[in-house]
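Structural description and commentary
Take a look at the letters that make up each chain.
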Amino acid sequence: MSKKNPEYDFKWCPGCGDFGVRRSIESAMINRLEETGLPMENNVVVAGIGCSGNLVHLLEGAQPYGFHGIHGRTLPVAMGVKMARPELNVLVVAGDGDFLSIGGEHIAPQAARNLNICAVIMDNGVYGLTKGQSSPTTKLGEITSSTPYGKMEAEADPLELYLTMGVSFIAAGFSGKPRELTQLITQGMNHEGFAMVHVQSPCTTYNDTFEMLKGNPKKGIEPLIWDVPEDHDKSDKMAAYALLQRRGLPLGVIYEDADRPSLDARMEEMRGRARQRTMQETLDSYEL
Amino acid sequence: MEMKDFVVRFAGEGGQGVVTSAEGMAQAATQVGYHALTYATFPSQILGGPTWTQARISDSPILSPGDDVDVLVAFNREAYDNHVDEVREKGVIIYNSNDFELEGDPRSFGLPIEELAKSTGNTRAANMVVIGALAHLVNMPQTYLDEFVQKRFSRGRPGDEEIIRSNIQAMGLGRSHTAESGLSVGDLAPPRMPDYKQIMIKGNDALSLGARAAGVEFYVGYPISPATTILLWMEHNLIGEGKFAYQVSSEIESITGILGAGFAGKKAMTATAGPGFSLMSEGLGLAWMAEIPLVVVDVQRGGPATGLPTKTEQSDLLACMYPAHGDVKMPIIAVGTVEEAFYGAIKAFNWAERYQGPVILMTEMSLAERVQNIPKPDLSQIEVEERQVYQGKNGYHRYHGSEVSPMPLPGSPGAYVANGSEHDEMGDTTHLASRHIQMTERRFGKLKLLEEDEFEADNTQESIALMTWGGSKGSALEAYNQLRQRDVPVAWYYTMFLNPLPPRLLEELRKKELVIVPELNYQGQFSGILRSQGVKAESITQYTGLPFKVRDLVQKITEMTKTRRKETVGA
């Protein structure tokens, strides 16, 4: 929206990973539009608070609906939208601080419900918008503006966390590979259930991990990222755990359980079983 | 002596059938043409713990639970010890002689409740033994009660006849056993069957039913006393085509869930009590800021923090009116009776849709659990308002202008960002002073749409007025009626609409020398709000966890009117 709007003055820093994520989300939504014939207005992007949440204002071209609400609460808002209107395509965009720290309590219940949405998490290992404090994915011992003597907690492992909480689709992406990321987001949106696409999206200002992720042969830096092997059985939870034990960061679909019914499906099934009474019948049941 | 009404209190352990006895008595009485109102407090535990419920039975509509107990039914010794002081001088105490023996109280007699029930061959007829005993004490003709039993248990099932026989026998045993005691509390006036249809309903059910009548489509909630029964009602009555009700993981999920549903176009609601309401603060601010219609019910209990979970209080008014940080002031409807719970819920939805924002519907513990017979609502007379929805093709800005504007819904043209940050017309974040001024004024200006005309007013020429709020209405109105009989010069005003107040009402209140506000909190929250709006208001406060007694209000109001008149004369 922002292109037409001089009032909106927020900008990502040059080189920010979130640019790549935005492009991937735009492409995935346009592909979906072409595939389904449904209008762009059929998409709702629920955004968290932080650099990444501003993505909802920075999308270019045809505009989806957006919801830019409260820090940490993207998932239950998305739940309300999706439960109310299952025909909508609901996307969550949030950062590691919003999603894993203040919003961490909402992941397990949505995984248990198998809420039929796709959440794209932009992980930069730092709180960017508040200028460089430590986040759940900041490394142990790291010095940041809020950890002058080093971070005291262990670094969270989001992918393992999602797996343990029972998320039914888990993919890992990198903002520097937008074409692949588009594919993962498309797969996540098509998944009938709770899809997590966890993206490494480096912060060039406070935690620039580009080189570390991609590697640099000249400096002798081995890349951290590697592609999930083609023979990985993504329906096998133990194989997914095994994959996550290997050094570095796998990119691709880590785990997918395509058989579990989504919350929408369960709601429909329950509607079929629940007692149906009109307002008048309900009122009459109280008559003396 | 003919009595217009009587109060019976059932006291014992949780799980002894204390509540079912009171509600059974109320059911029986209303079936034969009396009016009934129950009042209950529960222990915060599943089984055991002292609990009591009382029913007030009258030949005319009832306003309050009643000050004094005419008959105490004590299921155990502890119940007798705890409640005997509240039995009026000429009252009677029935004690369960299957549980304990009592000597030296001439007002009491033992009733072997379970034993008598057992002798009929139906141990579940224990309630009927007690109802029979009560009927004798107030000289209620047995034919009424026999009819009630016939009607209630004629369900076309094979065992009906036997159940009817044993229940009638149980009532007869209770009656004859009581007759032997020689005790009585008087003759209850004969019932006058109302000439209109009635329903018998609990406050929280009436509120839920009202929400349903208003078209609620989406409900999520989290269990918390005394609001849980609304969640349960919705789960039993709202799951269907385009509708759903669901228990979520926290009150934060509740408020954000209905934010999502309200944004997506549904009439959405949640209900909670104090602690849950506190967790909803941030979400309520967002609903105000992003202009999303929704209804939040606060069933007040004693606070702060966990407070008194099973007692009544009216101490959340300030929290409900100003729940969030920043410049907000929530529309508030506070219901005062079971009937108002039904109509107030409808109004709350109408308000939310009309001004496109959050509405707080306040009720309280004493109303939530109150069972009462009320006139059956006529659904054809109910006005339901719908949201103004954007129907155009595109190029529309959701937050355009300084007034309420059509709301685009996902799936249709008009895409925007519902934004909790200050925003421009299309919902993008902005920091411009001119925008913050425009949008702040827009949000407050919309409250004008909620200014209602109607309010209760009586004897308005007096310069001293009585104006309570919420669940204290019944006791205050009963006190007012007594004051009028004694020619105490006082006017009556009342409204469910606490914010915004009906403008004509506010105008009248400002002209009064004194507005007396009975309310169940320490600070005098409503009188403080009235004073801030230029009304000379003073509270009568009480913070016992119990409702006002009519007697206390009559005494205090009389004193306040006398003092004020002396001051006026002295000046």
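Whatever comes next refers back to the structure up there.
We now turn to the structure provided with this report.

A few words now on the nonpolar core. Of all hydrophobic cores here, the largest spans 169 residues; its most connected members are Phe 99 and Tyr 162 of chain A together with Met 234, Met 269 and Phe 526 of chain B. The element best represented in this core is helix 13 (residues 338–355) of chain B, accounting for ten residues. Setting aside its immediate chain neighbours within four residues, Met 269 of chain B contacts Leu 207, Ala 211, Val 216, Phe 218, Tyr 219, Val 220, Ile 230, Met 234, Ile 258, Val 295, Val 297 and Phe 349 of chain B. Judged by nonpolar contacts, the second largest core, of 48 residues, contains Phe 75, Ile 113, Val 130 and Val 138 of chain B.

On to the environment of Ala 290 of chain B. All names here are of chain B. Here Ala 290 lies in helix 11 (residues 281–290). Relative accessible area serves as the criterion here: at 0%, Ala 290 is assigned to the buried category. Considering only alpha carbons, one finds Ala 290 and Gly 471, 181 residues apart in sequence, at a separation of 32 Å. Once you skip the residues sitting within four places of it in the chain, Ala 290 turns out to touch Arg 398, Tyr 399, Ala 418 and Asn 419.

Here we take up helix 10 (residues 263–273) of chain A. Given 3.6 residues per helical turn, the α-helix brings residues three or four places apart onto the same face. Regarding helix 10 of chain A, the residues found buried are Leu 263, Asp 264, Met 267 and Arg 271 of chain A. For helix 10 of chain A, the arc enclosing every buried residue in end-on projection is 100 degrees, short of the 170-degree limit, so these residues lie on one face. Exposed side of helix 10 of chain A, more than 90 degrees from the buried face: Gly 272 and Arg 273 of chain A are the residues found there. Here the buried face of helix 10 of chain A lies against helix 3 (74–84) and helix 5 (107–113) of chain A together with strand 11 (244–247) of chain B.

Right, let's get into the sheet that holds strand 19 (residues 464–466) of chain B. Strand pairing within a sheet occurs via backbone hydrogen bonds; the two strands may be parallel or antiparallel. Residues and elements named next belong to chain B. Spatially, five strands are ordered 18-20-19-22-23 in an open sheet, and the strand pairing comes out mixed. The open sheet is flanked by strand 18 (456–458) and strand 23 (537–541), the only strands paired with a single partner. Shown here is a sheet whose adjacent strand axes are inclined to one another by a mean of 25 degrees, direction ignored. The pairing of strand 18 with strand 20 (residues 491–494) spans three bridges and is classified as antiparallel. Residue pairing across strands places Ala 457 opposite Tyr 493, the latter belonging to strand 20. Across the face of the sheet, helix 16 (residues 473–485) comes into contact with strand 18, strand 19, strand 20 and strand 22 (514–519) while running at roughly 160 degrees to strand 20.

Moving on: the packing of aromatic side chains. One pass over the full model with this rule turns up 21 aromatic pairs over all chains. The interplanar angle of 75 degrees and the centroid separation of 6.3 Å between the aromatic rings of Tyr 65 of chain A and Phe 263 of chain B together place this pair among those described as edge-to-face. Taken as a pair, Tyr 65 of chain A in strand 2 (residues 65–68) and Phe 263 of chain B in helix 9 (residues 251–263) lie in two separate chains rather than in one. The class of Tyr 65 of chain A is buried, set by a relative accessible area of 0%. Measuring from centroid to centroid gives 5.2 Å for Phe 67 of chain A and Phe 263 of chain B, while their planes differ by 85 degrees, and the two rings are edge-to-face. You can see Phe 67 of chain A sitting in strand 2 and its partner Phe 263 of chain B sitting in helix 9, one on each of two chains. For the pair Phe 67 of chain A and Phe 263 of chain B, a shared accessibility class is recorded, and that class is buried. Ring pairs connect the aromatic residues Tyr 65 and Phe 67 of chain A together with Phe 263, Tyr 399 and Tyr 416 of chain B, which therefore count as one cluster. Geometry around Trp 52 of chain B places Arg 9 of chain B over its ring, the cationic atom sitting 3.9 Å from the centre.

Let's shift gears to the side chain of Thr 256 of chain B. Along the polypeptide, Thr 256 of chain B turns up in helix 9. If sequence neighbours within four positions are ignored, Thr 256 of chain B has contacts with Ile 70, Arg 73, Pro 76 and Val 77 of chain A.

Where interface size is given, it is often the accessible area lost as the parts come together that is meant. With 52 residues of chain A at the contact, the number on the chain B side is 69 residues. The largest share of the area that chain A buries against chain B comes from Tyr 65, Tyr 286 and Leu 288 of chain A, three residues that together contribute 17% of it. Our count for the chain A to chain B interface comes out at four salt bridges. Across the salt bridge formed by Arg 435 of chain B and Glu 7 of chain A, the nearest N and O atoms sit 2.8 Å from each other. There are 32 residue pairs in polar contact (both at pLDDT 80 or more) connecting chain A and chain B. For the side of chain A that touches chain B, the elements supplying multiple residues, two or more each, are helix 2 (55–58), strand 2, helix 3, helix 5, helix 10 and helix 11 (279–284) of chain A. Here the residues of the side of chain A that touches chain B are counted per class, giving 25 nonpolar, 15 polar and twelve charged. Where strand 2 of chain A lies against strand 17 (residues 417–419) of chain B, three bridges are found, and the strand directions are parallel. Pairing of Gly 66 of chain A across the sheet is with Val 417 of chain B, part of strand 17 of chain B.

This part covers unusual backbone geometry. Residues and elements named next belong to chain B. Residue Pro 226 follows Ser 225 across a cis peptide bond; omega there is 0 degrees. Assignment of secondary structure puts Pro 226 in the loop between strand 10 (218–221) and helix 8 (228–237). Put simply, Asn 499 and Pro 500 share a cis peptide bond, and its omega is -10 degrees. In the Ramachandran plot, Asn 139 falls in the positive-phi region, its phi being about 60 degrees despite a non-glycine side chain.

Running from N to C, helix 3 of chain A and helix 9 of chain B cross one another at 45 degrees; their axes reach a closest spacing of 6 Å. As the angle between them shows, helix 3 of chain A and helix 9 of chain B are arranged oblique. Here helix 3 of chain A runs over helix 9 of chain B; the crossing is right-handed. On helix 9 of chain B, the residues that touch Pro 76, Val 77, Met 79, Gly 80, Val 81 and Ala 84 of chain A of helix 3 of chain A are Glu 253, Thr 256, Gly 257, Gly 260, Ala 261 and Phe 263 of chain B. Across the contact of helix 3 of chain A with helix 9 of chain B, the residue classes break down as seven nonpolar, four polar and one charged.

Right, let's get into the environment of Pro 14 of chain A. Take Pro 14 of chain A: it is sitting in the segment before helix 1 (18–36). For the pair Pro 14 of chain A and Glu 211 of chain A, spaced 197 residues apart in sequence, the C-alpha to C-alpha distance is 16 Å.

What follows deals with the pattern of salt bridges. Evaluated as defined, the whole model comprises 39 salt bridges over all chains. We note a salt bridge from Glu 26 of chain A to Arg 22 of chain A, for which the minimum N-O separation is 3.7 Å. One end of the pair is Glu 26 of chain A and the other is Arg 22 of chain A, both in helix 1 and four residues apart, which spans about a single turn. Note on accessibility: Glu 26 of chain A and Arg 22 of chain A belong to one class, buried. Notably, a salt bridge pairs Lys 446 of chain B with Glu 291 of chain B, separated by 3.0 Å at the nearest N-O pair. Taken as a pair, Lys 446 of chain B in the loop between helix 15 (433–445) and strand 18 and Glu 291 of chain B in the loop between helix 11 and strand 13 (294–300) lie far apart in primary sequence, 155 residues in all. Pair check on accessibility: Lys 446 of chain B and Glu 291 of chain B agree, each one buried. Shared partners join several salt bridges into a network, and the residues in it are Lys 347, Arg 354, Glu 385 and Glu 452 of chain B.

Criteria and cut-off values
- Residues numbered from 1 in each chain as written.
- Chains lettered and ligands numbered in written order.
- Predicted model: local features only at pLDDT ≥ 70, side-chain atom pairs only at ≥ 80, totals over all residues.
- Heavy atoms only, no water.
- Core = buried A, V, L, I, M, F, W, Y, C linked by side-chain atoms within 4.5 Å.
- Buried < 20%, exposed > 50% of the residue type's maximum accessible area, 1.4 Å probe, protein only.
- Helix = DSSP H or I, 4+ residues; strand = E, 2+ residues; numbered from the N terminus.
- Contact = heavy atoms within 4.5 Å.
- Arc of directions from axis to C-beta.
- Pairing = 2+ DSSP bridges.
- Axes fitted to C-alpha atoms, helices over the stretch in contact; angles between N-to-C directions.
- Phe/Tyr/Trp six-rings, centres within 6.5 Å; stacked < 30°, edge-to-face > 60°.
- Lys NZ or Arg CZ within 6 Å of the ring centre and 35° of its normal.
- Buried area = accessible area lost by both parts, 1.4 Å probe.
- Salt bridge = Lys/Arg side-chain N within 4 Å of Asp/Glu carboxyl O.
- Polar contact = N/O pair within 3.5 Å; in protein donor to acceptor, adjacent residues only side chain to side chain.
- Nonpolar A, V, L, I, M, F, W, Y, C, P; charged D, E, K, R; others polar.
- Parallel < 35°, antiparallel > 145°, perpendicular 65-115°, else oblique.
- Left-handed = near helix turned anticlockwise from the far one by under 90°.

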